[in-house]
Amino acid sequence: MTARVFVTHQLPGERIHELARFCDLNVWMGPGLLPAATLRAEAAACQGLICLLTDRIDRQLLDAAPGLRFVSSMSVGVDHVDVAALTARGIPLGHTPGVLVDTTADTAFALLMAAARRLGEADRFVRQGKWAADTAWAPDFFTGKDVGGATLGIVGLGAIGQAMARRAAGFGMRVLAWNRTPRAVPGVELLSLDEVLAHSDFVSVHVALTEQTRQLLDARRIALMKPGAVLVNTARGGIVDECALAAALADGHLFAAGIDVYEQEPVAADNPLLGLPNVVLAPHIGSATLHTRALMADMAADNALAALRGAPMPCCVNPSVYAPGGAREPG
Ligand code: GLV
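As the structure is a computational prediction, the values presented were derived from the model and not from experiment. (Residues numbered from 1 in each chain as written. Predicted model: local features only at pLDDT ≥ 70, side-chain atom pairs only at ≥ 80, totals over all residues. Heavy atoms only, no water.)

Asker: I tried to follow the overall build of the protein chain on my own but got confused; where do I start?
Answerer: Along the backbone of the protein chain there are 11 helices and 12 strands. Relative to the 2.2 N^0.38 estimate, which gives 20 Å for 331 residues, the radius of gyration of the protein chain is 22 Å and therefore close to what a compact globule would have. Put simply, the protein chain has 331 residues, and 50% of those count as buried. Taking the intrachain contacts of the protein chain between residues at least 6 apart in sequence as the baseline, contacts between residues at least 24 apart amount to 61%. Surface exposure of the protein chain reaches about 15,200 Å², of which carbon and sulfur atoms provide 57%. In the protein chain, 27 side chains carry a positive charge and 32 a negative one; their mean positions are 3 Å apart. (Helix = DSSP H or I, 4+ residues; strand = E, 2+ residues; numbered from the N terminus. Rg over C-alpha atoms; globule rule 2.2 N^0.38 Å. Buried < 20%, exposed > 50% of the residue type's maximum accessible area, 1.4 Å probe, protein only. Contact = heavy atoms within 4.5 Å. Areas by Shrake-Rupley, 256 points an atom, 1.4 Å probe, with all protein chains shown as cover. Lys, Arg positive; Asp, Glu negative; His and termini not counted. Charge placed at Lys NZ, Arg CZ, Asp CG, Glu CD.)

Following this line, the structure appears as structure tokens:
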């Protein structure tokens, strides 16, 4: 029997066309994001699923999809998937690490620069016609923070954290970092998390969201940050206590923030960060370049192709399913 594979969004890249030759491929054509009820109905009838980080793959969905043999997510983060539930069912989960490292670090550094130099505020000021004779150039006009020579603290020294460290080196920054398992990276000083926060002018978050990292930057840790520091988050919103961050930005403890990810996405209208002038906001676009998104889609298709052949996925989050008695064959 030809395996049925459901793709939750139209994908860029080339490999998705190849995939169509090996299965009965059904792609959600929108408009908009796939509703959860439609995902459940489609998953119930398919052997393979290619999803995005906006699709929640939980126990309920898996219970409704007894024929499901693999899941391939076009994302590096997999906090939208109940990995333990997939593993218990012998279902491999693919993801797309590596190809988005530099693109995401570029976004983090762009947010760092924009927050330091108040580019969001400055853009709104010019656009809104406020740049008038009585608010023209002056010595203290839109003054920000210097990036060159400052100290960057990296929370999570994985591939994206290390790419951030390389960018910081180019700006003559001192680089401190905390990683759950200590890892030696040239030019980077490893410290405890609290020390990194206390000594950094800029802090950039690069850990995955797990039960261990949820609210890692809570009110106590945000209070530990150096007065006048800048926080950048391109990892996941759930890692930072958004209310505590907003309070620290509003009362002047922190200078600014650059935020790409939110506890709830799309961001809730009453998110306290939205009303603050000193936050540069982006709508979860860390890996959003045409080239990188095509590479991610190709990786997601390659993981699915391997699963259809009954081979291990090249980038599998839960390779233990390939131990004897692990993964189930599609079909
Ligand atoms: C983006 O956030 C990803 O996980 O790929």
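What follows continues from the structure just given.
Asker: Where do I start with the domain arrangement of the protein chain in this structure?
Answerer: Accessible area lost on assembly of the parts is the figure often given for the size of an interface. When the domains of the protein chain are assigned, the result is domain 1 (4–98 + 290–322) and domain 2 (101–281). Across the domain 1 to domain 2 interface the summed buried area is about 470 Å²; carbon plus sulfur atoms make up 47%. Among the residues of domain 1 in contact with domain 2, D79, G98 and T292 are the three that bury the most area, contributing 70% of the side total. Between the two partners, domain 1 and domain 2, sit 1 salt bridge. Where domain 1 meets domain 2, there are 3 residue pairs in polar contact (both at pLDDT 80 or more). In terms of residue class, the side of domain 1 that touches domain 2 is made up of 1 nonpolar, 3 polar and 1 charged. (Domains from an automatic or database assignment. Buried area = accessible area lost by both parts, 1.4 Å probe. Salt bridge = Lys/Arg side-chain N within 4 Å of Asp/Glu carboxyl O. Polar contact = N/O pair within 3.5 Å; in protein donor to acceptor, adjacent residues only side chain to side chain. Nonpolar A, V, L, I, M, F, W, Y, C, P; charged D, E, K, R; others polar.)

Asker: Just checking my understanding: could you explain helix α2 (residues 36–44) for this structure?
Answerer: Spacing of three or four residues puts side chains on the same side of an α-helix, whose turn is 3.6 residues. The complete set of buried residues in α2 reads L39, E42 and A43. Buried residues in α2, looked at end-on, bunch into an arc of 100°, giving them a common side. Residues of α2 that are buried sit in contact with β1 (4–7), β2 (24–27), β3 (48–51) and α3 (59–63). (Arc of directions from axis to C-beta.)

Asker: Please clarify how the pairing of β1 should be interpreted in this entry.
Answerer: For a regular strand, side-chain orientation follows a simple rule: the groups alternate between the two sheet faces. Pairing of β1 with β2 involves 4 bridges; the strand directions are parallel. Bridging across to β2, V7 finds its partner in V27. As defined by bridge partners, β1 adjoins β3 across 3 bridges and the pair is classed as parallel. Looking at the pairing, F6 lines up with L49 of β3. (Pairing = 2+ DSSP bridges.)

Asker: Sorry if this is basic, but what is going on with the pairing of strand β9 (residues 202–205) here?
Answerer: The side-chain alternation of β9 yields two buried faces, one formed by F202 and S204 and the other by V203 and V205. Note that strand β6 (residues 151–155) and β9 share 4 bridges and pair parallel. Paired with I154 across the strands is S204, a residue of β9. Considered for its hand, the β-α-β crossover made up of β9, helix α9 (residues 219–224) and strand β10 (residues 229–233) is right-handed. (Right-handed = clockwise from strand over helix to strand, strands pointing away.)

Asker: Would you mind showing me how to read unusual backbone geometry here?
Answerer: Going from G30 to P31, the amide bond is cis rather than trans, its omega being 5°. Tracing the backbone through its elements, the reader meets P31 in the loop between β2 and α2. In this model, F142 sits at a positive phi of 50°, which is unusual for a non-glycine residue. Tracing the backbone through its elements, the reader meets F142 in the loop between α6 (119–127) and β6. Residue classification places F142 among the partly exposed positions, given a relative accessible area of 21%. In this structure, H284 is a non-glycine residue whose phi angle is positive, near 50°. Note that H284 resides in the loop between β12 (279–281) and α11 (290–309).

Asker: How should the nonpolar core be read in this particular structure?
Answerer: A general trend in soluble globular proteins is that nonpolar side chains are found buried together. Core analysis: the biggest nonpolar cluster contains 31 residues, and V205, I222, L231, L245, L249, L254 and L273 have the highest contact counts within it. Listed by contribution, the elements that provide at least two residues to this core are β7 (174–178), α8 (193–199), β9, β10, α10 (242–250) and β11 (254–259). Element by element, the count of residues in this core is highest for α10, at 5 residues. Contact partners of L254, with chain neighbours within four places excluded, come to I222, M225, K226, G228, A229, L245, A248, L249 and N278. (Core = buried A, V, L, I, M, F, W, Y, C linked by side-chain atoms within 4.5 Å.)

Asker: It is not clear to me how the sheet that holds β3 should be interpreted in this structure. Could you clarify?
Answerer: Strand pairing in a sheet relies on backbone hydrogen bonds, with the paired strands running either antiparallel or parallel. Taken in spatial order, the 5 strands line up as β2-β1-β3-β4-β5 in an open sheet, and their pairing is parallel. At either end of the open sheet lies a strand with only one pairing partner, and these are β2 and β5 (93–94). Set on the sheet, α11 makes contact with β1, β3, β4 (70–73) and β5; between it and β4 the angle comes to about 165°. (Axes fitted to C-alpha atoms, helices over the stretch in contact; angles between N-to-C directions.)

Asker: Can you help me understand the packing of helix α5 (residues 101–116) against helix α7 (residues 159–170) in this one?
Answerer: Each pair of packed helices can be described by the angle between their axes along with the distance between the axes. At a minimum axis distance of 9 Å, the contact between α5 and α7 shows a crossing angle of 55°. The angle between α5 and α7 places the two elements in the oblique class. For the pair α5 and α7, the sense of crossing is right-handed. Across the interface between the two elements, V101, D102, T104, A105, D106, A108, F109 and L112 of α5 pack against A159, I160, A163, M164, R166, R167 and A168 of α7. (Parallel < 35°, antiparallel > 145°, perpendicular 65-115°, else oblique. Left-handed = near helix turned anticlockwise from the far one by under 90°.)

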